[in-house]
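# Observations on the model geometry
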Amino acid sequence: NAGVTQTPKFQVLKTGQSMTLQCAQDMNHNSMYWYRQDPGMGLRLIYYSASEGTTDKGEVPNGYNVSRLNKREFSLRLESAAPSQTSVYFCASRVTSGRALGQFFGPGTRLTVL
Amino acid sequence: EDKVVQSPLSLVVHEGDTVTLNCSYEVTNFRSLLWYKQEKKAPTFLFMLTSSGIEKKSGRLSSILDKKELFSILNITATQTGDSAIYLCAVENTPNAGGTSYGKLTFGQGTILTVHP
């Protein structure tokens, strides 16, 4: 099992450009999440998907959109990137039945917006 | 608004010391509290606590939850340089009071632990 995978690992954008961060998990998890991590601020939830076909806003959704393409994949889109979106982005997933063991995180995408 | 506060924000100790990391929270419809360790990359899961007073242990790490006072502590005994990391606390809510559905996690700022040889 690869667990949670994210692409790309690094990205540099210019202000106003758009891009999609991809996330996939092969653990048959129901719930998937997108976080951003900035120095001194921990992890902040952008959007999450409790199950296939549903998405909900987290703490900092402005400037982002998501798509839960199927049970495996959950993508995050920046329509018009801004320097304030420079951050490290983590995708996570978890099982939501039986004995839950917390969220499993992907390796992260380091995004710089110039 | 759900809130998680960790203290201290950073801590420097020497190998062999014992450390206690704190996490206090305010959350609507509490479901669980989780601890993660983050080294260079993604956070890795340590513990999930749902009931007060039941200590979770894994080797030199242990954690306990107090749902009445709304806090948790993470203890690390006989610290090693490999324990150097950011330790993150998160609380999970449930969408409905008394429900068991999974909600979202709110993370604290993290505690940066540095263990010197």
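Scroll up to find the structure this text is about.
The structure contained in this document is the topic of the report that follows.

Scoring rules and cut-offs
Residues numbered from 1 in each chain as written. Chains lettered and ligands numbered in written order. Predicted model: local features only at pLDDT ≥ 70, side-chain atom pairs only at ≥ 80, totals over all residues. Heavy atoms only, no water. Contact = heavy atoms within 4.5 Å. Buried area = accessible area lost by both parts, 1.4 Å probe. Polar contact = N/O pair within 3.5 Å; in protein donor to acceptor, adjacent residues only side chain to side chain. Helix = DSSP H or I, 4+ residues; strand = E, 2+ residues; numbered from the N terminus. Nonpolar A, V, L, I, M, F, W, Y, C, P; charged D, E, K, R; others polar. 1 Å grid on protein atoms, 1.4 Å probe; cavity = no way out; pocket = protein on both sides within 12 Å on 5 of 7 lines; lining within 4 Å. Points joined across faces, edges and corners; volume = space filled by probe spheres on them. Core = buried A, V, L, I, M, F, W, Y, C linked by side-chain atoms within 4.5 Å. Buried < 20%, exposed > 50% of the residue type's maximum accessible area, 1.4 Å probe, protein only. Pairing = 2+ DSSP bridges. Axes fitted to C-alpha atoms, helices over the stretch in contact; angles between N-to-C directions. Phe/Tyr/Trp six-rings, centres within 6.5 Å; stacked < 30°, edge-to-face > 60°. Disulfide = S-S within 2.5 Å.

Let's shift gears to the interface of chain B and chain A. Across the boundary between the two partners, chain B contributes 17 residues, which contact 22 residues of chain A. Across the chain B/chain A interface, buried area totals approximately 1,600 Å², and carbon plus sulfur atoms make up 60% of it. Put simply, chain B and chain A have 3 residue pairs in polar contact (both at pLDDT 80 or more) between them. Sorting the residues of the side of chain B that touches chain A by element identifies β4 (30-38), β5 (44-49), β9 (85-93) and β10 (105-107) of chain B as the ones contributing at least two each. Here the side of chain B that touches chain A gets 3 residues from one element, more than from any other, and that element is β4(B). Of the residues in the side of chain B that touches chain A, the class split is 10 nonpolar, 4 polar and 3 charged.

Attention now moves to the layout of surface pockets. The computed volume of the largest pocket comes to approximately 490 Å³. Around the largest pocket, the lining is made up of 24 residues, and of these A:Gln37, A:Val88, A:Arg110, B:Gln38 and B:Lys40 lie nearest the centre. Of all elements in the fold, only β9 (87-94) and β11 (109-113) of chain A together with β9 of chain B reach the threshold of two or more residues within the lining of the largest pocket. Classifying every residue of the lining of the largest pocket by side-chain character gives 10 nonpolar, 8 polar and 6 charged.

Glancing now at the nonpolar core. Residue and element names in this part refer to chain B. Tyr25, Leu33, Trp35, Tyr87 and Leu113 are the most contacted members of the largest nonpolar core, which has 21 residues in total. Of all the secondary-structure elements, those providing two or more residues to this core are β3 (19-26), β4, β5, β7 (61-66), β8 (71-76), β9 and β11 (111-116). Not counting the four nearest positions on each side in its chain, Leu113 is found in contact with Leu11, Val13, Val19, Ile76, Asp83, Ser84, Ala85 and Tyr87.

Below, the discussion takes up the sheet that holds strand β7 (residues 64-68) of chain A. Residue and element names in this part refer to chain A. Read from one edge to the other, the open sheet built from 4 strands follows the order β1-β3-β8-β7, with strand pairing classed as antiparallel. Pairing within the sheet leaves two strands with one partner each, and these edge strands are β1 (4-7) and β7. When the angles between neighbouring strand axes are averaged without regard to direction, this sheet yields 15 degrees. As paired strands, β1 and strand β3 (residues 19-25) are joined by 4 bridges and run antiparallel to one another. Within β3, the position partnered with Thr5 by the bridge is Ala24.

All right, on to the sheet that holds β8(B) then. Residues and elements named next belong to chain B. Ordered in space as β1-β3-β8-β7-β6, the 5 strands form an open sheet in which the pairing is antiparallel. Sheet topology places β1 (3-7) and β6 (56-58) at the edges, where each strand pairs with a single neighbour. Between one strand axis and the next, the sheet turns through 15 degrees on average, direction left out of account. Summarising the sheet, β6 and β7 pair through 3 bridges and their orientation is antiparallel. Following the sheet pairing, Lys57 is matched in β7 by Ser62.

For any pair of aromatic rings, geometry is given as the distance between the ring centres together with the angle between the planes. As enumerated under the stated definition, the model contains 11 aromatic pairs over all chains in all. Taken together, a centroid distance of 6.3 Å and an interplanar angle of 20 degrees make the contact between A:Tyr33 and A:Tyr35 stacked. Across the pair, A:Tyr35 and A:Tyr33 agree in class, each one buried. Between the aromatic rings of B:Tyr25 and B:Phe30, the centroid separation amounts to 5.0 Å while the plane-to-plane angle is 20 degrees, which identifies the pairing as stacked. Since its relative accessible area comes to 4%, B:Tyr25 is described here as buried. Taken together, the ring pairs in this structure connect A:Tyr33, A:Tyr35, A:Tyr48, A:Phe90, A:Phe105, B:Tyr36, B:Phe45 and B:Phe107 into an aromatic cluster.

Taken as a whole and judged by the stated rule, the model has 2 disulfides over all chains. Covalent S-S linkage joins A:Cys23 and A:Cys91, the inter-sulfur distance amounting to 1.8 Å. For the disulfide bridge between A:Cys23 and A:Cys91, the dihedral angle about the S-S bond is near -70 degrees, and by the sign convention the bridge is left-handed. Taken together, the residues A:Cys23 in strand β3 and A:Cys91 in strand β9 connect sequence positions 68 residues apart. Side by side, A:Cys23 and A:Cys91 carry an identical accessibility label, which is buried. What pairs with B:Cys23 in a disulfide is B:Cys89, and their sulfur atoms sit 1.9 Å apart. Here B:Cys23 and B:Cys89 share a disulfide; its torsion about the S-S bond, -70 degrees, makes the bridge left-handed. Here B:Cys23, found in strand β3, pairs with B:Cys89, found in strand β9; they are 66 residues apart in sequence, far enough to count as distant. We classify B:Cys89 as buried; its relative accessible area is 0%.

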